[in-house]
Amino acid sequence: MKKLFTIALFFLFSVCNRSLCQTDTIFLPIEEQLLKGKDKVAQGFEPINFKFAQVGRSKTKTIYINNSGSSPFRIQSIAFQLSGVGVFSFAANPSPPISINPDESIFINLNFSPKSVGQFYDTLLIVFDEPFEFVYALPVEGISFATNKIIIRDTSAFVGAKDFPIPIYIKGDSNIEEPVTTNLTFSLTFDASLFNLVSSEQGIIISKQQNGFFATVDLRFDNIQIDSTTKILTKIKGLVLLGYPDTTTFEIGSIRADTLGVLFDTRNGLFQAQGVCVAKISLIEMQEGITDLIAYPTPASETLTLEFPNYKPKQNEIVEITFCNTFGQIVERTTLEINSNTETINISKLTSGVYRLLLTYKNQTFSALINVVK
């Protein structure tokens, strides 16, 4: 067959969302010279990119193949190279093998239906056997995502509440069929005049900041498994400081997951305290007291300096200092009188090793990791 033979591929990509529909058309000609190439395989210039699809839902795109040449050609078969990797599928109309005359067309509907979170790739192989043996390889790709929630339910604290627990829930996407494991961090902001956070039942408090009346803590959770259920992620425990009618909102922000496609939104919780002060700590004392602890140098040998940023020194304030080893065992406990923003303590009794320093001040506990080298 000596005539110049041209196959025109029209790619009609349709992404419809409710009443809105956007269409992109790409024209890719395939000429006789390409069909007679040594490799007998051509790679598509532009991949079919589904971009993002939510787990449990589908996206569809349509390929429109039209014979714009002067001679018939034949499509022997259409298949995915990797069988669609469990998320891609297609339906051709009419189905191969089929001969397509000039100005006739074939439609291929591609579908992306992810069941898990991830990034997926495959190649659609369109095999021609007339007028020449030829394979057109069209890359197909898509990314799936799951929308999850972190929820703090509205709650109330009553007279006498101590170490009051506030549960934080994680609600997985109901469409997730395969659980996802990720590391998760987020911040929690609340009115420090009403509530004093003491600890987190699960997860690690990695930082604390004070901004006026409000406190923000950053929490980290490692190897959190997200599935389609709702479960308690953690319970934060703290002391109720002021009573009715004082209220505050626990606001979650800066949510970060290290797994692609794991997205979050939040529902913040309203906290109401019913009754009188429980912790007997005044607002002024909280704002002027210790809000952070810095310990240096590290490694240290005989002495250790403790620094209290933004602290307004008072005379003869007493704090308790506890040193724990890596097994959590208490190796030394002492008291320290604070009269300035920096104080020096003697650690000559500690042997070489890594220790956790715990400073207890007005029902608050501050922590620092130190290294002792003799």
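Our subject is the structure that appears above.
The model shown is predicted, which means the values in this text are computed figures rather than measured ones. (Residues numbered from 1 in each chain as written. Predicted model: local features only at pLDDT ≥ 70, side-chain atom pairs only at ≥ 80, totals over all residues. Heavy atoms only, no water.)

Draft legend 1. Representation of empty space enclosed by the protein within the structure. Taken as a whole, this structure holds two cavities of 30 Å³ or more when the rule is applied. Estimates place the volume of the largest cavity at around 230 Å³. Contributing to the lining of the largest cavity are 18 residues, with Asn-196, Lys-208, Gln-210, Ala-215 and Gln-364 lying nearest its centre. Counting only elements with at least two residues in the lining of the largest cavity, the list comes to strand S15 (195-200), strand S16 (204-211), strand S17 (214-226) and strand S28 (364-372). Classifying every residue of the lining of the largest cavity gives 10 nonpolar, seven polar and one charged. (1 Å grid on protein atoms, 1.4 Å probe; cavity = no way out; pocket = protein on both sides within 12 Å on 5 of 7 lines; lining within 4 Å. Points joined across faces, edges and corners; volume = space filled by probe spheres on them. Helix = DSSP H or I, 4+ residues; strand = E, 2+ residues; numbered from the N terminus. Nonpolar A, V, L, I, M, F, W, Y, C, P; charged D, E, K, R; others polar.)

Draft legend 2. Expanded view of the sheet that holds strand S24 (residues 317-324). Taken in spatial order, the four strands of this open sheet run S25-S24-S27-S28, and their pairing is antiparallel. Edge positions in the sheet fall to strand S25 (330-338) and S28, since each of these pairs with one other strand and no more. For this sheet the average axis-to-axis angle between neighbouring strands, irrespective of direction, equals 25°. Bridge analysis of S24 against strand S27 (residues 353-361) gives five bridges, and the strand direction is antiparallel. Bridge pairing in S27 places Glu-320 opposite Thr-360. (Pairing = 2+ DSSP bridges. Axes fitted to C-alpha atoms, helices over the stretch in contact; angles between N-to-C directions.)

Draft legend 3. View of the packing of aromatic side chains. A complete count under the given rule lists 14 aromatic pairs for this structure. Judged by centre distance (6.1 Å) and plane angle (65°), the ring pair of Phe-112 and Phe-120 falls under edge-to-face. Of the two residues examined, Phe-112 and Phe-120, each falls in the buried class. Here the aromatic cluster, defined as three or more aromatic residues joined through ring pairs, consists of Phe-50, Phe-80, Phe-88, Phe-90, Phe-112 and Phe-120. Just above the ring of Tyr-169 sits the side chain of Arg-153; from NZ or CZ to the centre is 4.2 Å. Lying over the aromatic face of Phe-366, Lys-208 brings its terminal NZ or CZ to 5.6 Å of the ring centre. (Phe/Tyr/Trp six-rings, centres within 6.5 Å; stacked < 30°, edge-to-face > 60°. Buried < 20%, exposed > 50% of the residue type's maximum accessible area, 1.4 Å probe, protein only. Lys NZ or Arg CZ within 6 Å of the ring centre and 35° of its normal.)

Draft legend 4. Quick peek at the pairing of strand S21 (residues 269-273). By the alternation rule, side chains of S21 split into Gly-269, Phe-271 and Ala-273, which are all buried, and Leu-270 and Gln-272, of which none is buried. As paired elements, strand S12 (residues 155-157) and S21 share three bridges and run parallel to each other. Directly across from Ser-156, in S21, lies its bridge partner Gln-272. As judged from the four bridges shared by strand S19 (residues 247-257) and S21, these two strands associate in the antiparallel manner. Directly across from Phe-250, in S21, lies its bridge partner Gly-269.

Draft legend 5. How the structure looks around unusual backbone geometry. Note that the residue after Tyr-296, namely Pro-297, is joined by a cis bond; omega there is 0°. By the element assignment, Pro-297 lies in the loop between strand S22 (294-296) and strand S23 (303-307). Pro-299 follows Thr-298 through a cis peptide bond whose omega is 5°. Structurally, the position occupied by Pro-299 is in the loop between S22 and S23. The phi dihedral of Ser-83 falls on the positive side, at around 60°, and the residue is not glycine. Along the chain, Ser-83 turns up in the loop between strand S6 (73-80) and strand S7 (88-93).

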